[in-house]
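# Structure at a glance
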Amino acid sequence: QQPVQSPQAVILREGEDAVINCSSSKALYSVHWYRQKHGEAPVFLMILLKGGEQKGHEKISASFNEKKQQSSLYLTASQLSYSGTYFCGTEGSRGTDSWGKLQFGAGTQVVVTP
Amino acid sequence: DARVTQTPRHKVTEMGQEVTMRCQPILGHNTVFWYRQTMMQGLELLAYFRNRAPLDDSGMPKDRFSAEMPDATLATLKIQPSEPRDSAVYFCASGDTGATGELFFGEGSRLTVL
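A quick note: this is a predicted structure, and the numbers were derived from the prediction, not measured. (Residues numbered from 1 in each chain as written. Chains lettered and ligands numbered in written order. Predicted model: local features only at pLDDT ≥ 70, side-chain atom pairs only at ≥ 80, totals over all residues. Heavy atoms only, no water.)

## Thoughts on the packing of aromatic side chains
Residues and elements named next belong to chain B.
- On inspection of all chains with the given rule, the structure shows ten aromatic pairs over all chains.
- Between Phe33 and Tyr35 the ring centres are 5.9 Å apart and the planes differ by 10 degrees, which places this aromatic pair in the stacked class. In this pair, the class of Phe33 matches that of Tyr35, namely buried. (Phe/Tyr/Trp six-rings, centres within 6.5 Å; stacked < 30°, edge-to-face > 60°. Buried < 20%, exposed > 50% of the residue type's maximum accessible area, 1.4 Å probe, protein only.)

## As for the interface of chain B and chain A
- Between chain B and chain A, the residue contacts involve 21 residues of the former and 22 residues of the latter.
- For the pair chain B and chain A, the summed buried surface comes to about 1600 Å²; carbon and sulfur atoms form 58% of the total.
- Along the contact surface separating chain B from chain A lie one salt bridge.
- Put simply, Lys101 of chain A and Asp56 of chain B hold a salt bridge, and the shortest N to O gap is 2.9 Å.
- Put simply, chain B and chain A have five residue pairs in polar contact (both at pLDDT 80 or more) between them.
- Elements with a contribution of two residues or more to the side of chain B that touches chain A: β4 (31-38) and β5 (42-50) of chain B.
- With six residues, β5 of chain B is the largest single contributor of residues to the side of chain B that touches chain A.
- Residue composition of the side of chain B that touches chain A, grouped by class: nine nonpolar, seven polar and five charged. (Contact = heavy atoms within 4.5 Å. Buried area = accessible area lost by both parts, 1.4 Å probe. Salt bridge = Lys/Arg side-chain N within 4 Å of Asp/Glu carboxyl O. Polar contact = N/O pair within 3.5 Å; in protein donor to acceptor, adjacent residues only side chain to side chain. Helix = DSSP H or I, 4+ residues; strand = E, 2+ residues; numbered from the N terminus. Nonpolar A, V, L, I, M, F, W, Y, C, P; charged D, E, K, R; others polar.)

## A look at the environment of Gly15 of chain A
All names here are of chain A.
- Summarising the element assignment, Gly15 is placed in the loop between β2 (9-13) and β3 (18-23).
- In sequence terms Gly15 and Ala77 are 62 residues apart; their C-alpha atoms lie 3.9 Å from each other.
- Apart from the residues lying within four places of it in its own chain, the contact partners of Gly15 are Ala77 and Ser78.

## Details of the confidence of the model for chain B
- Per-residue confidence for chain B averages 92 on the pLDDT scale, and 96% of its residues sit at or above 70.
- Confidence scores differ between elements of chain B, with strand β6 (residues 53-56) of chain B showing the lowest mean pLDDT of 88 and strand β3 (residues 19-24) of chain B the highest of 98. (pLDDT = per-residue confidence, 0-100.)

In C-alpha cells, the structure reads:
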C-alpha cells in the first residue's frame, strides 16, 4: 500500500522554507526520500530507519516518527536547485509482507522561483 | 561511474504487440526493483528480486506482465499483449542492501502503446 504525501505541490520563493509530509497506514521499518528532476530518474536523498532519527542533507533534513508512521522532509532556505518532485518511499516492519519492499507515494512537486 | 542501464529508452508500439524492457543492475547489487511511473499513480512498484529470486510481483497485472532475472547482470520486464493503458515510464532500480539502503535508478524506458 502506497504512503500518502502532502501537499501535492508547493511553490516557493528562493530562501523560503517548506515541509513535505508522508504517512503510512502500516508499521514502518524505514522511510526513504528521493528527488526527481523533470525527465530524469529519481535520486536518493536520505533514509531514516526505525528509531526516530533525524537526518540532514545540505539544507534538506527529515524526521521519522515511527509511532505515528509519519515522516516529514524539511526544505530550509530553498534554492532554485531544490525544484523537482519529492517522493517518500516506505518499507514495512520486519515480519510483515512489506518488509524489504520499497513503495513510493504519489510525490510532491516543488517549484522554487527566483 | 557505476550506473543502472535500461533499454530501450523509448519504445512506441501498437496495441497487442509484445514489449520487452531490459535492465542491467550495478555489478554487485543483489536487489532489483521494477517501478512504473504515470502522472496519476506516481511510482508504482511492479516487482522486485533479491539474489535473482522473485520476492514479490503483486503489483503486476499477472495476465500480461512478467518479470525475470535470468542472470545477475540482466533483469527483464515483458508485456504481452500490450495495451494503451500500459503507456508509462518504467524504471529499474538496484541496491546492495535490499530496501534498507540507497536505490540507484536507471534512466527509465518510456513506453507508448498506440
